[in-house]
Structure formats: C-alpha cells, structure tokens
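Each chain, written out:
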Amino acid sequence: MEATKEVGTTIITEEQILKRAKEIGAQITKDFEGEEVLFVGILKGAVIWLSDVIKNVHLDTKIDFMAVSSYGAETKTTGVVRIMMDLDTSIEGKNVIIVEDIVDSGITLNYLKGYLLGRNPKSLKVCTLLDKKDGRRTEVDVDYVGFEVDDIFIVGYGLDYDQRYRNLPYITYIE
C-alpha cells in the first residue's frame with residue numbers, strides 16, 4: 001500500500017467510542033470492586049483507548065506498557081510475534097488488564113496472554129477497542145470489547161497504517 005491510499009467513511013464516531021469507554025470503565029469498576037488493577041497498554045495503538053477507559057475506572061489503578069508487534073509496515077500479520085518493550089513492573093499477584101487497540105488474527109494476543117500468565121498474575125483480562133472476529137487465525141478470549149468490526153483494514157483512534165492516521169478522532173478504514 002502507498003501512503004496516498006484513501007481513507008473511507010467513518011465507521012465509529014468519537015462520541016460512540018467515548019460512550020463505550022464509559023460503559024466498559026463502569027463494568028471494570030464493578031468487576032474489581034475494592035481491588036487494584038494494573039492496566040497494560042499495548043503500544044502504540046492502545047494509548048488513546050486506554051486513556052479513555054481508565055478515566056472511567058473508579059478504583060486504585062496503575063499503568064504500564066508493552067510494545068508487541070506482528071505487523072511491521074504490513075496490513076496483514078506476519079504471524080511472528082516480537083516483544084519490542086517489556087513491562088517495568090512485576091505483575092505477580094496483581095489483577096492485570098491488557099488493553100489493545102484491535103484483536104484481529106488473535107496470534108499476538110494469544111502469545112501475549114501466555115507470556116504474561118507465566119508471570120503469575122492474580123487475574124488476566126483483555127480489553128480491546130475493536131474486535132475483528134472474521135480475521136481470527138487462533139481462538140482467544142476477550143473480556144471487554146468496545147466494538148466488533150468487519151475484516152477490513154481499520155485506522156484511526158490510535159490504529160495506524162505505517163504510523164499514519166493514529167490521530168483521527170474516529171474509526172475508519174483504508175480503501
């Protein structure tokens with residue numbers, strides 16, 4: 001794909017995303033009432049979604065980040081998962097919520113869940129802005145889903161094509 005590809009019409013508006021973040025934040029607050037939660041944002045795409053969700057969680061929270069890739073500059077996963085940046089803190093005995101921008105093939109998330117479960121968290125959940133079930137190549141459970149989307153190349157609201165379009169305040173696609 002060239003950098004001049006056309007962006008399609010808006011699929012999900014900023015208002016819809018903020019409303020869903022509020023609902024998910026309330027659900028997480030209820031699910032972990034009285035406990036601390038560590039949110040693990042997967043860089044770079046999940047940053048905007050993570051900030052929207054966590055503003056709506058009324059618990060003691062901490063944030064850490066990981067950078068994990070199976071895409072590079074491609075529009076389809078390579079199937080090879082690489083951890084580019086690991087956590088700074090221990091997750092042993094902690095309630096951990098992985099925050100993703102999109103779950104597509106499931107390969108990266110499946111690998112990441114196994115990797116983090118090996119560190120003995122108290123619980124491990126997944127929160128994603130977008131779930132692309134038609135793109136699955138491996139089964140993976142997602143606990144908190146913002147929206148389900150079709151199997152098209154999504155950009156905006158943190159999601160990119162070759163580092164472009166992350167700043168769009170809505171979800172769209174590349175035509």
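So, here is what we can say about the structure in this document.

The rules behind the values
Residues numbered from 1 in each chain as written. Predicted model: local features only at pLDDT ≥ 70, side-chain atom pairs only at ≥ 80, totals over all residues. Heavy atoms only, no water. Buried < 20%, exposed > 50% of the residue type's maximum accessible area, 1.4 Å probe, protein only. Helix = DSSP H or I, 4+ residues; strand = E, 2+ residues; numbered from the N terminus. Pairing = 2+ DSSP bridges. Right-handed = clockwise from strand over helix to strand, strands pointing away. Salt bridge = Lys/Arg side-chain N within 4 Å of Asp/Glu carboxyl O. Axes fitted to C-alpha atoms, helices over the stretch in contact; angles between N-to-C directions. Contact = heavy atoms within 4.5 Å.

On to the pairing of strand S1 (residues 36-43), then. Burial analysis of S1 places six of its eight residues in the buried class, the great majority of the element. Looking at chain direction, S1 and strand S2 (residues 60-69) are connected through eight bridges and run parallel. Following the sheet pairing, Leu38 is matched in S2 by Lys62. Between S1 and its parallel partner S2, the chain crosses via helix H2 (residues 47-54), and the hand of that crossover is right-handed. Pairing of S1 with strand S4 (residues 95-103), which is carried by five bridges, proceeds in the parallel orientation. Across the sheet, the residue bridging to Phe39 is Ile97, located in S4.

Let's shift gears to the pattern of salt bridges. Taken as a whole and assessed by the stated rule, the structure comprises eleven salt bridges. Bridged by salt links that share partners, the residues Lys19, Arg20 and Glu23 form one connected network.

Next up on the list: the sheet that holds S2. Taken in spatial order, the six strands of this open sheet run S3-S2-S1-S4-S5-S6, and their pairing is mixed. Looking at strand neighbours, the two that pair on one side only are strand S3 (82-85) and strand S6 (144-148), the edges of this open sheet. For this sheet, the mean inter-axis angle between neighbouring strands, taken without regard to orientation, is 30°. In this sheet, strand S5 (residues 123-131) lies alongside S4 in parallel orientation, the contact comprising eight bridges. Across the sheet, the residue bridging to Glu100 is Thr128, located in S5. Where helix H3 (residues 107-117) meets the sheet, its contacts fall on S1, S2, S3, S4 and S5, and the angle it forms with S4 comes to roughly 165°.

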